[in-house]
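Single-letter residue listing:
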Amino acid sequence: MAFCLLSVSAITWVQAQNPIDQSRLDPGSDKVQAFRQQLRDSLPRPQGYVNDYEDIYSDREEAVLDSLIRAFENKTTIQIVVITFDTTMTTRDSLDALTSYIGNAWGVGQKGKNNGVAIGISRGYRRITIRNGNGIEQILTNEETKQIIDTAFIPGFRASRYFEGTYNGLLELMRILEQRNEWDDRKPATMNLRYEDG
C-alpha cells in the first residue's frame, strides 16, 4: 500500500489551561536526538488505526476511535491513521515530516488509489498535522483540510479534551470525504475521443 502524499495542513493551538511541564526535557540533548533517529530507523508496527505514543487517550477512547476509523475504511476504502507524538519523538518543526514518513512506511492508503490520511498530533507541542495522500488531494483541498482542523479538532484541544477534539475532527473529515468519494465514484469516465476530419 503506497502513501503518496503531499498535502499538508498544520496548525498550533493555544496554550491549554494545564500546560505540560517540559522543563525536565531537553529536546536538544544527545539522548533525545539518538532516540528520534532510532525511531525513524526502526519504526514500531502500527497497533491499529490509532497509535497513541503520547498517551493522550484512555484505552476505551482509543478503541472508540479505532472502531470509527475501521468502519469508515470498510465503507469507503479510505484509510486513516492517527498518531500521537510526545516531544521526545520529534521536534516541533519535524512533526509534519515524521507524520508523512510514518504514513509512507506503514503504507497508509490503498495502492493505486493513494487514498490515505495520516493525522499527527502532539499535545506537548500543541500541534496537529493532516497529511493527505494524492488520491485524497483530488477531493479535499489544503484549505478545506485546514478548516477542518480549525473548526472541528482545535476546539476540543483548546479545552484539553483531546478525545473529543479528535473524535469531532474525524467525524467532520469523514463526512466530507464520504460525500466527495461517493460523488467521485459516480462521475462518468473520461473518454478520449479523436476527431478526424473527413
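Presented here is an overview of the structure given in this document. A quick note: this is a predicted structure, and the numbers were derived from the prediction, not measured.

The subject of this paragraph is the nonpolar core. Residues Tyr57, Ile80, Ile119, Leu170 and Leu177 are the most contacted members of the largest nonpolar core, which totals 32 residues. Breaking this core down by element, the ones donating at least two residues are helix H2 (59-76), strand S3 (79-84), strand S4 (116-122), strand S5 (127-133), helix H5 (142-158) and helix H6 (162-186). The residues touching Ile119, leaving out its near neighbours within four places in the chain, are Ile80, Val81, Val82, Ile83, Thr99, Ile128, Thr129, Ile130, Phe153, Leu170 and Leu173. Core analysis: the next-biggest nonpolar cluster, separate from the first, contains 10 residues, Phe85, Met89, Ile102 and Trp106 among them.

Turning next to the pairing of S3. It is a general feature of regular strands that their side chains alternate between the two faces of the sheet. Most of S3 is tucked away: six of the six residues are buried. Burial along S3 is two-sided: Gln79, Val81 and Ile83 facing one way and Ile80, Val82 and Thr84 facing the other are all buried. Both strand S2 (residues 50-52) and S3 contribute to a ladder of three bridges, which runs parallel. Each residue of the ladder has a partner; that of Asp52, found in S3, is Thr84. Judged from the six bridges that link them, S3 and S4 form a sheet pairing that is parallel.

Looking now at the pairing of S5. Counting buried residues along S5, seven of its seven residues qualify, which places the element largely inside the surrounding structure. Going residue by residue along S5, you find Arg127, Thr129, Arg131 and Gly133 tucked away on one face and Ile128, Ile130 and Asn132 tucked away on the opposite face as well. Sheet topology places S4 next to S5; six bridges connect them, and they run antiparallel. In the sheet register, Ser122 faces S5, and the bridge partner there is Arg127.

Rules used throughout
- Residues numbered from 1 in each chain as written.
- Predicted model: local features only at pLDDT ≥ 70, side-chain atom pairs only at ≥ 80, totals over all residues.
- Heavy atoms only, no water.
- Core = buried A, V, L, I, M, F, W, Y, C linked by side-chain atoms within 4.5 Å.
- Buried < 20%, exposed > 50% of the residue type's maximum accessible area, 1.4 Å probe, protein only.
- Helix = DSSP H or I, 4+ residues; strand = E, 2+ residues; numbered from the N terminus.
- Contact = heavy atoms within 4.5 Å.
- Pairing = 2+ DSSP bridges.

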